[in-house]
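# Results of the structural survey
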Protein chains: 2
Amino acid sequence: MSAAPLEFWFEFASTYSYPAAARIEAAAAAAGVPIAWRPFLLGPIFRAQGWNDSPFNLYPAKGRYMWRDLARVCASLDLPLREPSVFPRNGLLAARVACRFADEPWCPAFVRGVYRANFAEDRDISDPTVLASCLTAIGQPAAERIAAANAEKERLREQTERATALGIFGAPSFTVGEELFWGNDRLEAALDCWKKRNP
Amino acid sequence: MSAAPLEFWFEFASTYSYPAAARIEAAAAAAGVPIAWRPFLLGPIFRAQGWNDSPFNLYPAKGRYMWRDLARVCASLDLPLREPSVFPRNGLLAARVACRFADEPWCPAFVRGVYRANFAEDRDISDPTVLASCLTAIGQPAAERIAAANAEKERLREQTERATALGIFGAPSFTVGEELFWGNDRLEAALDCWKKRNP
């Protein structure tokens, strides 16, 4: 049996992707659902909607609420959170690495490390030395991984185009075939959907 | 003991306010939490953000997703849903009635009837005869209630100003003192918050 996995779409600048990335492995394992990690970029999708910044910056009331709500969500998961001094941070290089190595067993730990750097440690994840330290911390040869990721830039572009084609407009999102779920709080519904389709 | 109630902020044009209004009484009763019904208008709040229409119309990918997601949410609650032929509908008069009579025991049934008219029966809730039928259906003297509501228009305006002051930017929202929760899927978190503050 090799059912198509539930696809987890995330963007490194996305705040609610942080708790989703932190909890998806355990939640999926408990539900017996296979997961595919799908980094993509929200920038091109937001620009197509006429936004040149995060909606949380463009709409201040929404932004203020998001940080408060995220603090509650992270507290409930015992997940450290420090509001970054720069938001959103550019996750392009991190997404290239995660995209190039999405099927490697170390990739989830890398992804979580990058989110922690951004949202718990206030480090600049657009800086290659910060990403290198995230790779080194999990025993990966940093320079080699980053070079390999930069050598295949089109992977991430294609994946972002696929996200757009699936109707994705925010992160995190989850897809089960064509069925789309948006938001950290829709993970359970997405897992249920996968189980119904793969009895 | 007369603890301040959890405040339930809703707008009659708001799609996710429909399942929230349908389930809040039972959920709050089960949790032992007192509720205050707070209709308000999103129009002035959206206009202040530069929107002259629902964001679900302004951003089509988000709109397509919302209708699909709402269908799943309503199905899980056994709540009928038919996508209205006009969206959003003007809920001004309905909100005036709900605002004027928010403390009456029949108000929740009126609110649910208006949501059903809009989102399950595709009726024009801006039409006073439709609202009159919603009042008549629950045994209320329609003309008298509508006249009383229209005689105190400032109530709804003041309540919308209070919503803005609380940082509310969408519906449904729930407040426990200054603590804000946005979205039908945050009802449980809001109930938990109220219980923690009123042990």
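The structure presented is a predicted model; accordingly, all values stated were derived computationally and were not measured. Residue positions are given per chain, counting from 1 as you read along its sequence in written order. For this description, chains carry letters from A and ligands carry numbers from 1, given in the order in which they are written. Given that the model is predicted, a residue must reach a pLDDT of at least 70 before its local features are reported, and side-chain atom pairs must reach 80 or more before they are shown or counted; all residues, however, enter totals for whole chains, interfaces and linings.

### Structural notes on the relation of the copies chain B and chain A
Both copies of the chain are related by a screw-like operation: a rotation about an axis and a shift along it. Put simply, the test is: Least squares is the method used to superpose the copies, on C-alpha atoms of residues holding a pLDDT of at least 70 in both. We call two residues in contact whenever the C-beta atoms placed from their backbones are within 7 Å.
Note on the identical chains: chain B maps onto chain A by a rotation of 180 degrees and an axial translation of 0.0 Å, with an RMSD of 0.0 Å. Classification of the inter-copy transformation places it as that of a two-fold axis. Looking at the rotation axis and the C-alpha trace of chain B, the residue lying nearest is Asp185(B), at 3.9 Å. Taken together, the interface assignments show that 100% of the residues at the interface of chain B recur at the interface of chain A, consistent with an identical surface on both copies.

### A few points about the pairing of strand E2 (residues 35-39) of chain B
Residue and element names in this part refer to chain B. Rules: A strand pair is defined by DSSP finding two or more bridges across the two strands. Only runs of H or I of at least four residues qualify as helices and only runs of E of at least two qualify as strands under DSSP, and these elements are numbered from the N terminus. A clockwise path from the first strand over the helix to the second, with the strands pointing away from the viewer, defines a right-handed crossover.
Here five bridges tie strand E1 (residues 6-10) to E2, and the two strands are oriented parallel to one another. Across the sheet, residue Glu7 finds its bridge partner in E2, namely Ala36. Note that the unit made of E1, helix H1 (residues 17-31) and E2 has a crossover that is right-handed.

### A few points about the packing of helix H7 (residues 128-137) of chain B against helix H8 (residues 142-150) of chain B
Residue and element names in this part refer to chain B. Definition in use: Axis lines are fitted through C-alpha atoms, for helices just across the contact stretch, and the angle between N-to-C directions can take any value from 0 to 180 degrees. Oblique is the label for any angle not covered by the other classes, which are roughly parallel (under 35 degrees), roughly antiparallel (over 145) and roughly perpendicular (65 to 115). In a left-handed crossing the near helix is turned counterclockwise from the far helix by less than a right angle, and in a right-handed crossing that turn is clockwise. Any residue outside Ala, Val, Leu, Ile, Met, Phe, Trp, Tyr, Cys, Pro, Asp, Glu, Lys and Arg is labelled polar, Gly included; the first ten of those are nonpolar and the last four are charged.
Between H7 and H8, the least distance of the axes is 9 Å, while the angle of their chain directions is 120 degrees. In terms of their interaxial angle, H7 and H8 are classed as oblique. The two elements H7 and H8 cross, and the hand of that crossing is right-handed. Counting all contacts with H7, which are made through Pro128, Leu131, Ala132, Leu135 and Thr136, the residues of H8 involved are Ala142, Arg145 and Ile146. Across the contact of H7 with H8, the residue classes break down as six nonpolar, one polar and one charged.

### Topic: the sheet that holds strand E2 (residues 35-39) of chain A
Paired through their backbone hydrogen bonds, the strands of a sheet run either parallel or antiparallel. Residues and elements named next belong to chain A. With respect to topology, four strands assemble into an open sheet ordered E2-E1-E3-E4, the strand pairing being mixed. Each edge of the sheet is formed by a strand with only one pairing partner; in this case those strands are E2 and strand E4 (179-182). Going from strand to strand, the sheet's axes swing by 20 degrees on average, the running direction of each strand aside.

### So, helix H7 (residues 128-137) of chain A
Residues and elements named next belong to chain A. Short version of the rule: Neighbour counting defines burial: a residue surrounded by 20 or more other C-beta atoms within 10 Å of its own C-beta is buried, one with 12 or fewer is exposed, and intermediate counts give partly exposed, using backbone-placed C-beta atoms. The arc refers to the directions leading from the helix axis to the C-beta atoms.
Considered for burial, the residues of H7 that qualify are Leu131, Cys134 and Leu135. Down the axis of H7, the buried set is contained in an arc of 95 degrees. They therefore lie on one face. Elements in contact with the buried residues of H7: helix H5 (92-100), helix H6 (107-119) and helix H8 (142-150). Backbone geometry just downstream of H7 places Gly139 in the positive-phi region, at approximately 80 degrees.

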